Amino acid sequence: RGARGGMSGSDDDEIVFVGETRDGGALEGDARDAKRVRYDASNSLALATETPARTEIAPDPSSERHAPPLFRLFRTENTHNEACVSVSDLVRGPVVWAVVSNFKIELDFMQDHAPELLAIPRVHWLHGQDDLPVWIEKHCPNKTETGDWTTLKPAVPQWGTHHSKFFLLVFKEGCRVVVHTANLCFGDLSVMSNAAWWQDFPKKSPAKRIAHATSEFEEDLTRYLHRTGWRGRDEGDRGHVGPEAFRAFDFEGAGAKLIGSVPGRHGGADARDRRETSAWGHPALRRALEKMNFPRAFKNAPIIAQASSFGSFTEKWLVDEFGASLNAGRVENGSETKEPRAAGGAVGESSRFSTASPSKESSLGEGPIQLVWPTVSEVRSSLLGYAAGGSIPGNTRNLAKPHVAARLHAWRALGESRKTEPKTETSSSRDSAYSSNRHPYGRERAVPHIKTYTRYALRSDGPPKLAWVFLGSHNLSGAAWGKFEKNQTQLNVLSYELGVLLAPNLVGPKNEKSPFCAVAASLASLAPLSDSAVSAASKRFLCLAGARPRRADEHRKASSSAVEFRHARCVREWSRGGKKTDDAPLPGDDDDAKKSDDADFDFVVAPLPYPVPPRRYGLGDTPWTIDTVHAEPDIFERTWPM
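Residues numbered from 1 in each chain as written. Predicted model: local features only at pLDDT ≥ 70, side-chain atom pairs only at ≥ 80, totals over all residues. Heavy atoms only, no water.

A. Highlighting the overall build of the protein chain. Counting secondary structure elements, the protein chain contains 23 helices and 23 strands. By residue count, 61% of the 642 residues in the protein chain fall in the buried class. Considering only residue pairs separated by 6 or more positions, the protein chain has 81% of its internal contacts joining residues 24 or more positions apart. (Helix = DSSP H or I, 4+ residues; strand = E, 2+ residues; numbered from the N terminus. Buried < 20%, exposed > 50% of the residue type's maximum accessible area, 1.4 Å probe, protein only. Contact = heavy atoms within 4.5 Å.)

Right, dumping it as structure tokens:
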């Protein structure tokens, strides 16, 4: 099969598109109507709760021994898709209006891949490329004429992009926030590794509305939306559509910390500007982590930075600036620290950026940074061959820098790498009995467009523990995360980005009740539904945050040791009670004692689609680069450049 669909571009140094234009134009007339999904009280329950043909297994959490995962992987072609989701799974239901944000949006592809998305009555599209308004004007002029669809390409400086990837879905009785890593195009949603986090939120109670109650998640979300330049509008009886409309929902139980980036030089003499320095990018991540305590096992533990684009950055930025943010956090039972108080008296308003300043003993400390980046061999043998490399735009100048090359780790597990590779002692082979030659979730040939960051600690008898996980659109660059200027009093950011920090102290208690589901609650308000129908709708496709929402003051009293984050190589490791697969037995599967211990232990899984620990580059490994001639044919007998 040849390349299909335009591939996604980079947010940093280069933008490269490869492959052929996808066959088949936009649907016309009756054909488009046939594809359109309509929702009403009589058929929306089935559409919202059925398991689509595209999803092999959509596990019911009530049948799983442990909680749902922190996030879920998107389905891909020709790979394992158990417990994975599609865009259709996330956007189905009686959505009233939505915000769709992305860098690349191919509606020609999406009308086939997820027709439910185009069936949403009113959509505001935040995009990063100029072709979206042209496509809408050509194929859906009625949408813009009626004002049902609006588009905005947020302004960015040179070398910056609008790169954030999320859905905000507004229902009658609640809203759904989806933060993910995929461009809305064929390559990202069919043959590359991507993932999504989401959570449903109810409407605020009358008492909270009267009191103007808010939450950190609400303030982070509305502030970010305002910064895009989206002003929204009043639509009469239909209410206000815009950033402030999201203040109608109760985000107090959010199981994630939003971390955004917006272009600009943030900081200055004004107190509000000084707060801006730590409101975006890696300083925001640092500020969030500094408030958290972690088990001592994570002291000086390794950190993984995995992305689909590496920018041009110095070792000082990687280690002393960005690395300092990744290293933030305190050891449990360590001494408490306070934020610096400026001369004016306001907490956190010092002229130089700083968050909490834990002592050396109480700080988690500096850990080695491991950069996960695919090799030439991994791209060449991927599901799309070299064409997939167009969405992984690293260049030789950046990848060959000594401080980058020395930290490179491969995408695939040891056993999935080239058989001709010399056998060397690697981080995965010497550090953990858990390591194996099996690639997690069968994604060895679905090369990454996902972006993840995490800190892990090895165990001698089981899967690695994770201190925290970050999932979002941020690639590894100063453009995405920001660079300090003027003695750390100013942060320079070039791109729009959005991601979620997931940590144990953001996890709520176990709840026997059915979790809130915006789809089920909205359907119930349209037509009477049985309790079993509502329960079925609310339990489908959950992430952990939806199953265990945080209580009002949970973050103030919860210890990070109350629940443990783990890596897992397949669904069987966190869904022991679910449907069996044909996978070969895993180490420990026959250990009844360990199974019993796990059944009683409160842990949740992050389905990172690469080995943890990752495999360090060997002598035969070369990092994938787009500005190099790759003469050895790929699986489609093509060479690079194509």
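B. Structural context of the sheet that holds strand S20 (residues 490-493). On the basis of which strands lie adjacent, the open sheet formed by 3 strands has the order S11-S20-S19 and antiparallel pairing. The open sheet has two free edges, formed respectively by strand S11 (264-267) and strand S19 (483-485), since each of these has just one partner strand. Neighbour to neighbour, the strand axes of the sheet diverge by 30° on average, direction disregarded. Sheet topology note: the S11/S20 ladder contains 4 bridges and is antiparallel. Across the sheet, His266 pairs through a bridge with Leu491, a residue of S20. (Pairing = 2+ DSSP bridges. Axes fitted to C-alpha atoms, helices over the stretch in contact; angles between N-to-C directions.)

C. Seen up close, helix H10 (residues 216-227). Spanning 12 residues, H10 covers 17 Å between terminal C-alpha atoms, matching the ideal 16 Å at 1.5 Å per step. Considered for burial, the residues of H10 that qualify are Phe217, Glu218, Asp220, Leu221, Thr222, Tyr224 and Leu225. On the buried face of H10, the contacting elements are strand S5 (166-170), strand S6 (174-180), strand S7 (195-202), strand S10 (257-261) and strand S21 (497-502). The first or second residue beyond H10 is Gly229, which carries a positive phi of 95°. (Expected span 1.5 Å × (residues − 1).)

D. Structural detail: the pairing of S6. Among the 7 residues in S6, 7 count as buried, and that is most of the element. By the bridge criterion, 5 bridges tie S5 to S6 in an arrangement that is antiparallel. Within S6, the position partnered with Phe167 by the bridge is Val178. Hairpin remark: S5 followed by S6, antiparallel, with 3 residues in the connecting loop. Sheet topology note: the S6/S7 ladder contains 7 bridges and is antiparallel. Residue pairing for S7: Gly174 is matched across the bridge by Pro202.

E. Layout of the environment of Ala195. On the secondary structure map, Ala195 appears in strand S7. Exposure remark for Ala195: the relative accessible area of 0% places this residue in the buried category. Between the C-alpha atom of Ala195 and that of Ala182, which follows or precedes it by 13 residues, the distance is 7.3 Å. Each residue touching Ala195, except ones within four places of it in the same chain, is listed here: Phe71, Arg72, Leu73, Phe74, His180, Thr181, Ile450 and Leu471.

F. Structural context of the sheet that holds S5. Spatially, S1-S7-S6-S5-S2-S3-S4 is the arrangement adopted by the 7 strands of the open sheet, whose pairing is mixed. Both outer strands of the open sheet, strand S1 (72-73) and strand S4 (149-152), are each paired with one neighbouring strand and no more. As paired elements, strand S2 (residues 97-101) and S5 share 5 bridges and run antiparallel to each other. For Trp97, the partnering residue across the bridge sits in S5 and is Val170. Across the face of the sheet, helix H6 (residues 131-139) comes into contact with strand S3 (122-126) and S4 while running at roughly 160° to S4. The sheet contacts of H10 involve S5, S6 and S7, and relative to S5 the element is tilted by about 110°.

G. Spotlight on the environment of Ala479. Examined against the element boundaries, Ala479 turns out to sit in helix H18 (residues 478-481). Along the backbone, Ala479 and Ser495 are 16 residues apart, and their C-alpha atoms lie at a distance of 5.8 Å.

H. Focus on the confidence of the model for the protein chain. Chain-level statistics for the protein chain give a pLDDT mean of 80 and a share of 73% at 70 or above. Note that residues 1-63 has pLDDT below 50 and, in this model, 174 contacts with residues that lie over four places away or in other chains. The low-confidence segment residues 335-356, where pLDDT is below 50, has 50 contacts with residues more than four positions distant or belonging to other chains. (pLDDT = per-residue confidence, 0-100.)

I. Structural detail: the packing of helix H12 (residues 281-290) against helix H13 (residues 315-326). Direction vectors running N to C along H12 and H13 enclose 40°, while the axes themselves pass 7 Å from each other. Considering the angle they form, H12 stands oblique to H13. Seen from H12, the contacting residues are His282, Pro283, Leu285, Arg286 and Leu289; seen from H13, they are Trp317, Glu321, Phe322, Ala324, Ser325 and Leu326. (Parallel < 35°, antiparallel > 145°, perpendicular 65-115°, else oblique.)

J. Local environment of the pattern of salt bridges. All chains considered together, the criterion is met by 23 salt bridges. A salt bridge links Asp220 to Arg223; the nearest nitrogen and oxygen atoms lie 2.8 Å apart. Note that Asp220 and Arg223 are positioned in helix H10 at a spacing of 3 residues, about one turn of the helix. What makes Asp220 buried here is its relative accessible area of 9%. We classify Arg223 as partly exposed; its relative accessible area is 29%. Of the charged contacts in the structure, one is a salt bridge between Asp634 and Arg638, with a shortest N-O distance of 3.4 Å. Of the two residues, Asp634 and Arg638, both sit in the buried class. (Salt bridge = Lys/Arg side-chain N within 4 Å of Asp/Glu carboxyl O.)

K. Local environment of unusual backbone geometry. Here the amide bond leading from Val612 into Pro613 is cis, since omega sits at 0°, within 30 degrees of zero. Locating Pro613 in the fold gives a position in the segment after strand S23 (603-606). Geometrically, the link from Trp640 to Pro641 is a cis peptide bond, its omega value of 0° lying close to zero. Tracing the backbone shows Pro641 in the segment after S23. Despite not being glycine, Ala83 has its phi angle at roughly 65°, a positive value. Locating Ala83 in the fold gives a position in the loop between S1 and helix H3 (87-91).

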